[in-house]
Amino acid sequence: MGRGKIEIKRIENSSNRQVTYSKRRNGIMKKAKEISVLCDAHVSVIIFASSGKMHEFCSPSTTLVDMLDQYHKLSGKRLWDAKHEHLDNEINRIKKENDSMQIELRHLKGEDISTLNYKELMVLEEALETGVSTLKAKQMEFVRMMRKHNEMIEEENQNLQFKLRQLHLDPMDDNVMEAQGVYDHQGVAEYEAQQMPFAFRVQPMQPNLQERF
């Protein structure tokens, strides 16, 4: 005796609804895996439960992003607005540039050059020679800067030494001048003291002697 036909409508009982969701979800995921393996098909399934929890499956040979891009191209439907589409294009462009730069970097290191033809090898050699010339010029510039810096430091050091010598000499000069001033003052005083008696000697010892003559 076969199973009776089940009416497709919302299950009111929450427990029965959760059990049915879990069973049928697992069945859908199983069928998606089977068709992906048996038929080499690209399959992607995304299921959101009423609680918001997400369950997904995608064929191992592809990604969900690639499948959405393929759907966008084949169906002609816009999955993204213009702003997001421009951003996606910009991301893809940057990725390609990054891949190209990684390849060039490996070539500059001497890696993966066996597949390059003669013309590409010549371009690579020219790039390396230009890089070496630029590097040498930068090194010479750095050497000149260091020499100039050392000269400035040496000049500043000499100025500081000169100022230090001036600071040590100035107090000595003041002491010399002060000592010389004291010496001059003492000399004048001694000279005056020596001259004073001669001033008194020119006076007549006997004032009345002149009157006698």
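Above this text you will find the structure in question.
Rules behind the numbers
Throughout, a residue's number is its position along its own chain's written sequence, starting from 1. For this predicted model, a pLDDT threshold of at least 70 governs which residues receive local features, and a threshold of 80 or more governs which side-chain atom pairs are given and counted, while totals over whole chains, interfaces and linings are taken from all residues. Each side-chain value is worked out from all heavy atoms of the structure, with water and hydrogens disregarded. The term nonpolar core refers to a set of buried residues drawn from Ala, Val, Leu, Ile, Met, Phe, Trp, Tyr and Cys, joined through side-chain atoms within 4.5 Å. Each residue is assigned to one of three classes by its accessible area relative to the maximum for its type, calculated with a 1.4 Å probe on protein chains only: buried under 20%, partly exposed between the two thresholds, exposed over 50%. Secondary structure elements are defined from DSSP: runs of H or I of at least 4 residues count as helices, runs of E of at least 2 residues count as strands, and each element is numbered from the N terminus. Helix span is expected to be 1.5 Å times the residue number reduced by one. Residues count as neighbours in contact if any of their non-hydrogen atoms are within 4.5 Å of one another. Pairs of N or O atoms within 3.5 Å make up the polar contacts considered here, provided that, within protein, one atom can donate a hydrogen while the other can accept it, and that residues adjacent in sequence are counted only when both atoms are side-chain atoms. The salt bridge definition used is simple: a Lys or Arg side-chain nitrogen within 4 Å of an Asp or Glu carboxyl oxygen.

Asks: Would you mind going over the nonpolar core in detail, with residue names and values included?
Replies: Residues Y21, M29, A32, V43, V45, I47, A49 and F57 constitute the largest nonpolar core, which totals eight residues. Mapped onto this core, the elements with two or more residues apiece are α1 (14-38) and β1 (44-48). Looking at this core element by element, the count peaks at three residues for α1.

Asks: So what's going on with α1? Residues and values would help.
Replies: The terminal C-alpha atoms of α1, which comprises 25 residues, lie 36 Å apart, in line with the 36 Å expected from a rise of 1.5 Å per residue. Looking only at α1, the buried set comprises Y21, R25, M29, A32 and S36. The elements touched by buried residues of α1 are β1 and β2 (54-58). The residue sitting at the N-terminus of α1 and contributing the capping side-chain oxygen is N13; that oxygen lies 3.0 Å from the backbone nitrogen of S15.

Asks: Give me the lowdown on the environment of P60, citing residues and values where you can.
Replies: By secondary structure assignment, the location of P60 is in the loop between β2 and α2 (64-75). Assessed through its relative accessible area of 77%, P60 is described here as exposed.

Asks: Tell me what's going on with the side chain of H55, and back it up with residues and numbers.
Replies: Residue position: H55 is located in strand β2. Taking the relative accessible area as the measure of exposure, H55 reaches 17% and is therefore buried. One polar contact links H55 to R25, side chain to side chain, over a distance of 3.2 Å.

Asks: I'd like a description of unusual backbone geometry, backed by residues and values.
Replies: Although it is not a glycine, D40 adopts a positive phi angle of roughly 55°. With respect to the helices, strands and loops of the structure, D40 is situated in the loop between α1 and β1. What makes D40 exposed here is its relative accessible area of 63%. The phi angle at D112 is positive, at roughly 55°, despite the residue not being glycine. Along the polypeptide, D112 turns up in the loop between α3 (82-108) and α4 (118-201).

Asks: Lay out the pattern of salt bridges with the relevant residues and their values.
Replies: Under the criterion given, the structure shown has five salt bridges. For E12, the salt bridge goes to R10, with nearest N and O atoms at 3.3 Å. For the pair E12 and R10, one class covers both residues: exposed. Of the charged contacts, one joins R93 and E97 as a salt bridge, the two residues approaching to 2.5 Å between their closest N and O atoms. Here R93 pairs with E97, and both are found in helix α3, just four residues apart, close to one helical turn. Look at the salt bridges and you will find they share partners, linking E90, R93 and E97 into a network.

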